[in-house]
Amino acid sequence: MDVDSFPAALAELFDEFPESERPRERRFDDVAEAIPNLAKENNLALVNVAASLLGPGESYVEAGTYMGASLIAAMRGNEGHDFVAIDNFSLPETRGRPPARRETLEANLARFGCEGATILEGDALDVLRGDELAGRKIGVFYYDAAHSYEAHLDALKLVEPHLASRALLIVDDSDWEQVGRAIRDYLAGQPKARLLLEVEGKEHGRPWWWEGVAVLAWES
């Protein structure tokens, strides 16, 4: 994967990046409106662009899939790649949105014609520690699971053995203090990773980017 092409590819979707409230071509409004989610259309466009840059034999893996909006967005137009969702479906009703259910995720994938995604049911950190991802080369890793400082730091470290030689690490909710701190501490201790892009969210006047998102480039 050419990780350095990502910022320009993302910015190309918007009239004024990152100030535009939605992509120029609203390719994900149907997903955002039909599926309860914890994101904005811009965030869905971001994971889609990342997945579009996957190289041959590389996988897109996301931890924290909920109802499937981000997974569906990532898969749209990116057929032929390997997509993996990790979730233990323990998220309760939150912010007026229904609780996570595997059967609901599967129904949403079918509704949008997203076939072939692998669902790994379990705690994200346990899955990353185990062997269920063995044999995969992860070109894009999107983390939106447990939001403690420790969970973020552990997830970024645990995914390293599974990463392709060049990969994107996407961390949602980077506005949150503990998430931002985990990202900074991870980068300080891992010279193979660098901050490629960070877009601030509603805490900084950009609610159209939800709670912010950071994208790290991995090069081993």
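Our subject is the structure listed above.
Keep in mind that what you see is a predicted model, and the values were worked out from it rather than measured.

1. Considerations on empty space enclosed by the protein
If a probe the size of a water molecule is rolled over the atoms, the empty space left behind becomes visible. For the structure on display, the rule yields one cavity of 30 Å³ or more. N43, L46, V47, Y142, D172 and V213 together form the lining of the largest cavity. No other element matches the three residues that helix α3 (residues 41-52) contributes to the lining of the largest cavity. A per-class count over the lining of the largest cavity returns four nonpolar, one polar and one charged.

2. Topic: the packing of aromatic side chains
Here the structure, examined in full by the defined rule, presents five aromatic pairs. With a centroid separation of 5.6 Å and an interplanar angle of 45°, the aromatic rings of Y60 and F83 are classed as tilted. Of the two residues, Y60 sits in strand β1 (residues 58-63) while F83 sits in strand β2 (residues 82-87), which places them 23 residues apart along the sequence. Note on accessibility: Y60 and F83 belong to one class, buried. Aromatic pair F141 and Y143: ring centres 6.4 Å apart, planes at 45°, arrangement tilted. We note that F141, like Y143, is buried. Put simply, the rings of F14, F17 and W209 pair up and form one aromatic cluster. When the ring centre of Y149 is taken as origin, the NZ or CZ atom of R181, which lies over that ring, is 4.4 Å away.

3. Comments concerning the pairing of β1
The buried fraction of β1 is high, at six of six residues. Where burial is concerned, the two faces of β1 agree: the one with E58, Y60 and E62 and the one with S59, V61 and A63 are both buried. Relative to strand β4 (residues 137-143), β1 is paired through six bridges, and the arrangement is parallel. Paired with E58 across the two strands is K137, which belongs to β4. Summarising the sheet, β1 and β2 pair through five bridges and their orientation is parallel.

4. A closer look at the layout of surface pockets
Here the largest pocket defines a volume of roughly 590 Å³. Secondary-structure elements contributing two or more residues to the lining of the largest pocket are α4 (69-75), β2, α6 (124-129) and β4. For the lining of the largest pocket, the per-class residue count stands at 18 nonpolar, 10 polar and seven charged.

Analysis parameters
- Residues numbered from 1 in each chain as written.
- Predicted model: local features only at pLDDT ≥ 70, side-chain atom pairs only at ≥ 80, totals over all residues.
- Heavy atoms only, no water.
- 1 Å grid on protein atoms, 1.4 Å probe; cavity = no way out; pocket = protein on both sides within 12 Å on 5 of 7 lines; lining within 4 Å.
- Points joined across faces, edges and corners; volume = space filled by probe spheres on them.
- Helix = DSSP H or I, 4+ residues; strand = E, 2+ residues; numbered from the N terminus.
- Nonpolar A, V, L, I, M, F, W, Y, C, P; charged D, E, K, R; others polar.
- Phe/Tyr/Trp six-rings, centres within 6.5 Å; stacked < 30°, edge-to-face > 60°.
- Buried < 20%, exposed > 50% of the residue type's maximum accessible area, 1.4 Å probe, protein only.
- Lys NZ or Arg CZ within 6 Å of the ring centre and 35° of its normal.
- Pairing = 2+ DSSP bridges.

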